[in-house]
Amino acid sequence: MASSCFSGTSISSAYHHERRPYVRPKSIQSQPISKQTHPSSSSTAITTTNSTSTTGNQNNNGLTVREENRESRNARERESRERKEEVNNKIASKKAISVILRREATKAIIEKKKGPTNSKKLLPRTVLEALHERISALRWESALKVFELLQEQLWYRPNPGIYIKLIVMLGKCKKPDKAQELFQSMIDKGCTPNHESYTALVSAYSRTGLLDQAFALLDQMKVTPGCKPDVYTYSILIKSCLQVFAFERVQTLLSDMAKQGVKPNTITYNTLIDAYGKAGRFGEMESTLMEMLQEQQCQPDVWTMNSTLRAFGGSGQIETMERCYEKFQSAGIRPSIKTFNILLDSYGKAGSYEKMSAVMEYMQKYYFSWTIVTYNVVIDAFGRAGDLKQMEYLFRLMRSERIKPNCVTLCSLVRSYGRAGAKEKIEGVLRFIENSDILLDTVFFNCLVDAYGRLGCLAEMRQVLEMMEKSGCKPDKVTYSTMIKAYTSNGVSSRAKELQDIVGRQYVNRRDSKLSQIDEPHFR
């Protein structure tokens, strides 16, 4: 079935079909994906159109004046778009060069003027640009050094906004202790803390998983004048609790919001719907969605739709996903490229290749440009279906569109080649990696270990560990368990026993290390 649905002719003809101007018919807006045009009939129509166009080009007398005018108009529009893109690229490159030169000049000035006499006479713009650059890049150590230099300037006055930006940066870098020190320094310098600075510190603790400290700060905010927590404070805490599946604390926060008179906003509801869906708690997800619909100030948006579709589609509830898609569209919510990526992924994993092809043709027809996520989803679907020819075609098409493959793309290729027993294809992927600057991760190497294990190439599988070491990646539990499975299935029980002993020793060492790192003051 997979080969018939994924024939090379239908997909390639659908992709290379000449696109018409973007006009979305009303019937499509309220029509579910399952009821759209069958992909086989659509591809046939496309092929017929292409053949007719070719015949018309061979015989110019067969073209009408209207068709000639349309073709010339489309050609002029394409040329105009290409010229605009070329000009925009030149402007962007010039801006990038100027930014780089300015940053290098700023760095040189700061390094040059560091000293007992000149360090206090730097220009405000020079120091502030250097600080902003380091905060944006999350270079917290360098940012704190520049902040120290900033405080030495004669013109400097303590500014709560700078402190808040630094605290947010330290939270993203998982440095809550540094954030607490900076918060206290802000108070010592005479800056009055407000709900924004408290919220930044709450975020720093909650991002690191220190929920007790974050909740203690929340209680402190309630009794501090002018620092009452708002919906953003609660939304940050709710998101952090959901990430560690602390659903009871989430209910506590929602009850506390009601007592404080703080109403959830669209971001709060979307965070809850997305987390409940990922956790498979569909009843709570649907009740949250119904509560959101009852709020006049919190209307669902495309993020709400995407979270709902991802939840049902990822769990294989395709019919429910399609009904939700139809209802969201009838409510006037237009799908985005992420919406179609979710539909493609859901149909691909469910084996609904006909509906997947229909979504692809719809995207091509109405100017939804493919992203790297789209290519990764479709390449993985073709690989799962065993259609290596079409998978490789899309990989070449992806590179011709100047979309750089990533580890997800390479994992799909290696996984598919391993299932198909194509060892030489895997070697081709490794050669491609050698000639690229793609940063590999442990997940890719685990896929490579699994592929070699399936093929019985145990020597190559052992060499993957050396490749991981060169790339700076450490084997994890999945790496060793995959190798143990490969050795066991190939009758090499001695190797499997050695790896089991290594995994056992690593577990004991990690447990002892965690016990030795317990900070006693936390128990006081």
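Everything numeric here is computed off the predicted structure, so don't read it as measured data.

### Quick notes on the overall build of the chain
- Across its full length, the chain holds 27 helices and zero strands.
- For the chain, the proportion of its 524 residues judged to be buried stands at 41%.
- Relative to all contacts within the chain whose residues are 6 or more apart in sequence, the contacts with residues 24 or more apart total 63%.
- Per element, the accessible surface of the chain, about 30200 Å² overall, is 52% carbon and sulfur.

### A look at unusual backbone geometry
- We note that Lys174 has phi near 60°; this positive angle belongs to a residue other than glycine.
- Within the fold, Lys174 resides in the loop between α8 (160-172) and α9 (176-188).
- Given the relative accessible area of 47%, Lys174 is considered partly exposed.
- The phi torsion at Tyr367 lies on the positive side, around 65°, for a residue other than glycine.

### Structural notes on the confidence of the model for the chain
- Residues with a pLDDT of 70 or more make up 76% of the chain, whose mean pLDDT is 81.
- Predicted confidence for residues 1-63 stays below pLDDT 50, and this span has 89 contacts to residues more than four positions away or in other chains.
- Taken as a whole, residues 517-524 scores under 50 in pLDDT and shows two contacts with residues more than four places along the chain or in a different chain.

### A closer look at the UniProt feature "repeat: PPR" (unreviewed entry) in the chain
- When the UniProt feature table is mapped to this numbering, "repeat: PPR" (unreviewed entry) covers residues 159-193, 194-229, 230-264, 265-300, 301-335, 336-366, 371-405 and 441-475.
- Within the segment residues 159-193, helix and strand shares are 74% and 0% respectively, and the terminal C-alpha atoms sit 11 Å apart.
- Each end of residues 336-366 is marked by a C-alpha atom, and these two atoms are 12 Å apart; helix forms 87% of the span and strand 0%.

Parameters at a glance
Residues numbered from 1 in each chain as written. Predicted model: local features only at pLDDT ≥ 70, side-chain atom pairs only at ≥ 80, totals over all residues. Heavy atoms only, no water. Helix = DSSP H or I, 4+ residues; strand = E, 2+ residues; numbered from the N terminus. Buried < 20%, exposed > 50% of the residue type's maximum accessible area, 1.4 Å probe, protein only. Contact = heavy atoms within 4.5 Å. Areas by Shrake-Rupley, 256 points an atom, 1.4 Å probe, with all protein chains shown as cover. pLDDT = per-residue confidence, 0-100. UniProt positions renumbered as here; feature names shortened; annotations may be inferred.

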